[in-house]
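Structure at a glance
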Amino acid sequence: MDILRRLREDERIRFVVVGGFNTLFGYALFVGFEWLLDGNYLLSICLSYAIATIVAFVLHRNITFAVKGHRGILIDFFRFESVYVVMLAVNAALLVVLVGWWGWAPYLAQAAIVVITTVGSYFGHKLFSFRGRERTED
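Below, the structure is looked at part by part. Keep in mind that this is a model prediction, so the values were computed, not measured. (Residues numbered from 1 in each chain as written. Predicted model: local features only at pLDDT ≥ 70, side-chain atom pairs only at ≥ 80, totals over all residues. Heavy atoms only, no water.)

Scanning the entire structure with this criterion turns up 2 salt bridges. Salt-bridge contacts for Arg12 lead to Asp10; the nearest nitrogen and oxygen are separated by 3.0 Å. Here Asp76 and Arg61 are joined by a salt bridge, their closest N and O atoms 2.9 Å apart. Of this pair, Asp76 sits in helix α4 (residues 73–101) while Arg61 sits in helix α3 (residues 41–64), and the two are 15 residues apart along the sequence. There is no split in this pair, since Asp76 and Arg61 are both buried. (Salt bridge = Lys/Arg side-chain N within 4 Å of Asp/Glu carboxyl O. Helix = DSSP H or I, 4+ residues; strand = E, 2+ residues; numbered from the N terminus. Buried < 20%, exposed > 50% of the residue type's maximum accessible area, 1.4 Å probe, protein only.)

In structure tokens form, the structure reads like this:
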């Protein structure tokens, strides 16, 4: 049990678990929108980001970074979304390159891009989104 407690207390592990769930959720949204919108991958990624980032904010604020209370929630949300706007821009640009220029399938391209945006978002959220917020004690 000691190892489970240590894993639960490790912010990086919590980020991977929450981020993993949200990445799968966001990817499923992307695939669904891609199917519904008949291959409009840029609109699909924008819509999936809009939904997935709201879910991610709630989960990361409460679980990953264990921010206490509602004080500063709007500031945190705007910071959080600003990190994701940058990640969305990176994602969209890479989709254009991989799909539009190199001919990759959108599903494969998005799966590859997720690795880059996950690492970028961790550091953005840790260093910017929730910086200076009081954390709960585990």
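Having seen the model, we can carry on.
Turning our eyes to something else, we now look at the nonpolar core. With 19 residues, the main nonpolar core has Phe80, Tyr84, Leu95 and Phe130 as its most contacted residues. Broken down by secondary-structure element, the contributors of at least two residues to this core are α2 (11–36), α3, α4 and α5 (106–129). The element best represented in this core is α4, accounting for 6 residues. Setting aside its immediate chain neighbours within four residues, Leu95 contacts Tyr41, Ile45, Gly100, Pro106, Ala109, Gln110 and Ile113. (Core = buried A, V, L, I, M, F, W, Y, C linked by side-chain atoms within 4.5 Å. Contact = heavy atoms within 4.5 Å.)

Attention now goes to the side chain of Thr64. Its location among the elements puts Thr64 in helix α3. Residue class for Thr64 comes out buried when judged on its relative accessible area of 0%. Setting aside residues no more than four positions away along its own chain, Thr64 makes contact with Glu11, Arg14, Phe15, Val18 and Leu59.

Before going further, it helps to examine unusual backbone geometry. One non-glycine residue, Asp38, lies in the positive phi region at around 55°. Here Asp38 shows up in the loop between α2 and α3. Overall, Asp38 belongs to the exposed group, its relative accessible area being 73%.

For the rest of this paragraph, the subject is the packing of aromatic side chains. Centre-to-centre distance and the angle between the planes together describe a pair of aromatic rings. Here the structure, examined in full by the defined rule, presents 10 aromatic pairs. Aromatic pair Phe57 and Phe77: ring centres 5.2 Å apart, planes at 85°, arrangement edge-to-face. With Phe57 in helix α3 and Phe77 in helix α4, this residue pair connects regions lying 20 residues apart in the sequence. On the accessibility criterion, Phe77 (25% relative accessible area) is partly exposed. Between Phe80 and Tyr84 the ring centres are 5.0 Å apart and the planes differ by 65°, which places this aromatic pair in the edge-to-face class. (Phe/Tyr/Trp six-rings, centres within 6.5 Å; stacked < 30°, edge-to-face > 60°.)

Geometric values such as these leave the question of function open.
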